[in-house]
Amino acid sequence: MTETTLATPKAPPGTIPGLRGIAADWASDQRAFKNVSWGKAMMWIFLLSDTFIFSCFLLSYMTARMSTTVPWPNPSEVFALNIGGKHIPLILIAIMTFILISSSGTMAMAVNFGYRRDRVKTAALMLATAAFGATFVGMQAFEWTKLIMEGVRPWGNPWGAAQFGSCFFMITGFHGTHVTIGVIFLIAIARKVWRGDFDVERRGFFTSRKGYYEIVEIMGLYWHFVDLVWVFIFAFFYLW
């Protein structure tokens, strides 16, 4: 006599108790990421993790500054330049901030023209954004060189609290690395857009399906994040 085994029906996701129920609820979700590509979703996850890192850096900086017993250097004096015999505070930082914010505008226009499939304007605006980013990095290199020549080191500086040097080089260096990586990727993707790789679906890295310029928007998400982080660095490090 053949025994028939009856399969136990699966319980609906909302009726499973405990942690398994929570996992089942998330696994069965058909709305949160249904219309989002993997590339865009992964970029958002990366930016979220990067937000935690920059937040930890800025919180550590604020903790070090508020807990030190030695006077903290005055940013208006440390980051000032002598131009035409006049001592102008934060002039270099103001120009750097203007350049980076302007690059967000060119990147937004590049995304707009990308979805219009205007590859010439898209590539030109991406290259303009990369030029802004490269200028920012160059000015940051000048700022680093100036402070190093004046005696700033990760373990000390001539103006006060020793933690100033380590906080400055860590935070601005980490952000500058992000900008440099962004410039490299902007140039690479602009070249692919200019050649028409997204129109003929040429095989290679970062080439999406034919006629689809989503990689330009993903690059825009990264670049706007880098600009937003600089606003916080500018406010907490240079204006405080």
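Bear in mind that the values here come from a model prediction, so they are computed numbers and not experimental data.

**Some details on helix α5 (residues 119-149)**
Phase 1 of the analysis: Compared with an ideal rise of 1.5 Å per residue, which puts 31 residues at 45 Å, α5 spans 45 Å between its outermost C-alpha atoms and is within 8% of the ideal.
Phase 2 of the analysis: After α5 finishes, the residue Gly151 shows a positive phi value of roughly 105°.

**Observations concerning the layout of surface pockets**
Phase 1 of the analysis: Put simply, the second largest pocket is a space of about 190 Å³.
Phase 2 of the analysis: Considering the residues around the second largest pocket, the lining is formed by Thr51, Phe54, Ser55, Leu58, Leu59, Met62, Phe225, Leu228, Val229, Phe232 and Phe236.
Phase 3 of the analysis: Of all elements in the fold, only α2 (38-67) and α8 (214-238) reach the threshold of two or more residues within the lining of the second largest pocket.
Phase 4 of the analysis: If you tally residues by element for the lining of the second largest pocket, the top one is α2, at six residues.

**So, the nonpolar core**
Phase 1 of the analysis: By size, the foremost hydrophobic cluster in this structure holds 59 residues, and its most contacted members are Phe79, Met126, Trp230, Phe237 and Tyr238.
Phase 2 of the analysis: Listing elements by their share of this core, those giving two or more residues are α2, α4 (91-115), α5, α6 (163-195) and α8.
Phase 3 of the analysis: By residue number, the principal contributor to this core is α8, which donates 15 residues.

**Side note on the packing of aromatic side chains**
Phase 1 of the analysis: Under the definition given, this model contains 23 aromatic pairs.
Phase 2 of the analysis: Arranged with centres 5.8 Å apart and planes meeting at 70°, the rings of Tyr61 and Trp72 form a pair that is edge-to-face. A residue pair is termed long-range when its members are at least 10 positions apart, and Tyr61 in helix α2 and Trp72 in the loop between α2 and α3 (75-78) qualify at eleven residues.
Phase 3 of the analysis: A residue is classified by how much of its surface remains accessible, and Trp72, at 15% relative accessible area, is buried.
Phase 4 of the analysis: Considering the side-chain rings of Phe232 and Phe236, the 6.5 Å spacing of their centres and the 15° angle between planes classify their relative orientation as stacked. Here Phe236 and Phe232 lie together in helix α8, a separation of four residues that amounts to about one turn.
Phase 5 of the analysis: Among the residues examined, Phe236 registers a relative accessible area of 28% and is labelled partly exposed.
Phase 6 of the analysis: We note Arg65 situated over the ring of Trp240; from NZ or CZ to the ring centre the distance is 4.5 Å.
Phase 7 of the analysis: It is Arg116 that lies over the ring of Phe113; its NZ or CZ is 5.2 Å from the centre.

**Structural notes on the UniProt feature "transmembrane region" (unreviewed entry) in the protein**
Phase 1 of the analysis: UniProt marks residues 41-62, 88-111, 123-142, 162-190 and 211-239 with the feature "transmembrane region" (unreviewed entry), using the numbering shown here.
Phase 2 of the analysis: Segment residues 123-142 splits into 100% helix and 0% strand. End C-alpha atoms: 28 Å apart.
Phase 3 of the analysis: Taken end to end, residues 162-190 is 97% helix and 0% strand, and its first and last C-alpha atoms sit 43 Å apart.

**Here's the deal with unusual backbone geometry**
Phase 1 of the analysis: The phi dihedral of Leu90 is positive, around 60°, even though this residue is not glycine.
Phase 2 of the analysis: Inspection of the secondary structure assignment puts Leu90 in the loop between β2 (86-89) and α4.
Phase 3 of the analysis: What makes Leu90 buried here is its relative accessible area of 14%.
Phase 4 of the analysis: One non-glycine residue, Arg117, adopts positive backbone phi at about 60°.
Phase 5 of the analysis: One can find Arg117 in the loop between α4 and α5.

Reading the values: rules and limits
Residues numbered from 1 in each chain as written. Predicted model: local features only at pLDDT ≥ 70, side-chain atom pairs only at ≥ 80, totals over all residues. Heavy atoms only, no water. Helix = DSSP H or I, 4+ residues; strand = E, 2+ residues; numbered from the N terminus. Expected span 1.5 Å × (residues − 1). 1 Å grid on protein atoms, 1.4 Å probe; cavity = no way out; pocket = protein on both sides within 12 Å on 5 of 7 lines; lining within 4 Å. Points joined across faces, edges and corners; volume = space filled by probe spheres on them. Core = buried A, V, L, I, M, F, W, Y, C linked by side-chain atoms within 4.5 Å. Buried < 20%, exposed > 50% of the residue type's maximum accessible area, 1.4 Å probe, protein only. Phe/Tyr/Trp six-rings, centres within 6.5 Å; stacked < 30°, edge-to-face > 60°. Lys NZ or Arg CZ within 6 Å of the ring centre and 35° of its normal. UniProt positions renumbered as here; feature names shortened; annotations may be inferred.

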